[in-house]
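Per-entry structural report
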Amino acid sequence: MENIVQAYSTAVRKMIAVQRRIIKKIYNTPDLGLITSLTRACNAKCNMCAKYNQNSYLSTHMDDETFQKTIQIYNELKLKYMNLHAMGECLLHPRFKEYMDQLEREHFLVRVSSNGYLVDRHMDTLLKRNIDFFRVSTEGWDNESMMKYRGQEFDRVYRNVKEFYRYYKGKKTRYQFSLTLHIYPSMAEDNIRQMFDLWGECADRIQVSFPNNPSLNLEKA
Ligand code: SF4
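Residues numbered from 1 in each chain as written. Predicted model: local features only at pLDDT ≥ 70, side-chain atom pairs only at ≥ 80, totals over all residues.

**Re the site of the ligand**
The ligand sits among C42, A44, K45, C46, C49, K51, M87, G88, E89 and N115. Taken together, the residues of the shell around the ligand break down into 5 nonpolar, 2 polar and 3 charged. (Near = placed C-beta within 6 Å. Nonpolar A, V, L, I, M, F, W, Y, C, P; charged D, E, K, R; others polar.)

**Brief notes about unusual backbone geometry**
The phi dihedral of K78 falls on the positive side, at around 55°, and the residue is not glycine. Along the chain, the position of K78 falls in the loop between α2 (64-76) and β1 (81-83). Positioned with a positive phi, H107 is a non-glycine residue whose angle comes to about 60°. With respect to the secondary-structure elements, H107 resides in the loop between α3 (96-105) and β2 (109-114). (Helix = DSSP H or I, 4+ residues; strand = E, 2+ residues; numbered from the N terminus.)

**Let's talk about α3**
When α3 is considered as a whole, its buried residues turn out to be F96, Y99, M100 and L103. Angularly, the buried residues of α3 cover 100° about the axis, an arc narrow enough to put them on a single face. At the exit of α3 stands H107, carrying a positive phi of roughly 60°. (Buried ≥ 20, exposed ≤ 12 C-beta atoms within 10 Å, placed from the backbone. Arc of directions from axis to C-beta.)

**Some words on helix α5 (residues 154-168)**
Over its 15 residues, α5 runs 21 Å from end to end, which matches the ideal 21 Å to within 8%, given 1.5 Å per residue. Those residues of α5 lying buried are V157, Y158, N160, V161 and F164. In a view along the axis of α5, the buried residues occupy a sector of 165°, so they form one face of it. Residues of α5 that are exposed and angled more than 90 degrees away from the buried face: D155 and R166. Contact partners of the buried residues in α5: β3 (131-138), α4 (143-149) and α6 (189-199). Phi turns positive, to about 90°, at G170, one or two residues after α5. (Expected span 1.5 Å × (residues − 1). Contact = placed C-beta atoms within 7 Å.)

**Some words on the pairing of β2**
Where β1 lies against β2, 3 bridges are found, and the strand directions are parallel. Of the residues in β2, the one forming a bridge with Y81 is L109. Assessed by its sense of winding, the connection that carries the chain from β1 through α3 to β2 is right-handed. Two elements, β2 and β3, share 5 bridges in a ladder whose sense is parallel. Residue pairing in the sheet places V110 in a bridge with I131 of β3. (Pairing = 2+ DSSP bridges. Right-handed = clockwise from strand over helix to strand, strands pointing away.)

**Some points on the pairing of β3**
Judged by how many residues are buried, β3 sits mostly within the fold: 7 of 8 residues are covered. Where β3 lies against strand β4 (residues 178-182), 4 bridges are found, and the strand directions are parallel. Of the residues in β4, the one forming a bridge with V136 is L179.

Honestly, it's all geometry; don't read function into it.
Here it is, written out as structure tokens:
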């Protein structure tokens with residue numbers, strides 16, 4: 001029995017590796033490490049955000065001319081994988097849907113990360129077949145804790161993410177919807193358990209990480 005399980009998992013690993021090679025060949029990345037920031041604006045105030053390390057952080061959206069130029073550069077590089085996982089909340093961009101439509105027409109795969117606050121405005125866009133990856137990063141188990149770690153209203157983020165997960169279930173997507181939760185030293189064991197119980201109902205998988213901004217004082221965080 002053990003041998004069968006081992007052979008099966010080896011076969012699955014090989015199949016995934018072949019699929020990755022095909023995707024990489026077609027879309028020419030994700031190894032290149034090019035990241036596009038649609039906006040530097042954000043509707044959260046995360047303790048660990050690297051923007052607090054910058055003296056002159058600009059909270060502006062990318063303008064249309066720059067976006068079109070960005071697509072042109074990707075095309076010149078024969079790169080068809082756009083990673084929108086950058087500092088700033090990409091769902092805040094006023095032309096987010098329009099740009100995702102354009103990227104779909106131009107056969108781009110897209111990687112999206114969000115803090116979840118505006119997911120309700122973009123449910124269908126986030127289910128497009130060319131979205132290769134979508135995840136929400138968040139923390140908290142009630143309003144007080146989410147305000148402390150993210151500066152956001154818990155009820156809104158939780159309702160949005162839960163609704164999205166319900167809507168996403170059963171749809172055909174390229175990705176498995178995931179959540180990233182950060183663990184801070186100031187969180188008690190009971191809080192962490194409560195946080196995982198709540199968010200566990202809202203995603204296919206949960207990734208856990210420690211906030212890694214070097215300027216964050218983890219003794220106090
Ligand atoms: S959601 Fe991202 S960009 Fe916005 S404050 Fe948090 S870490 Fe920074």
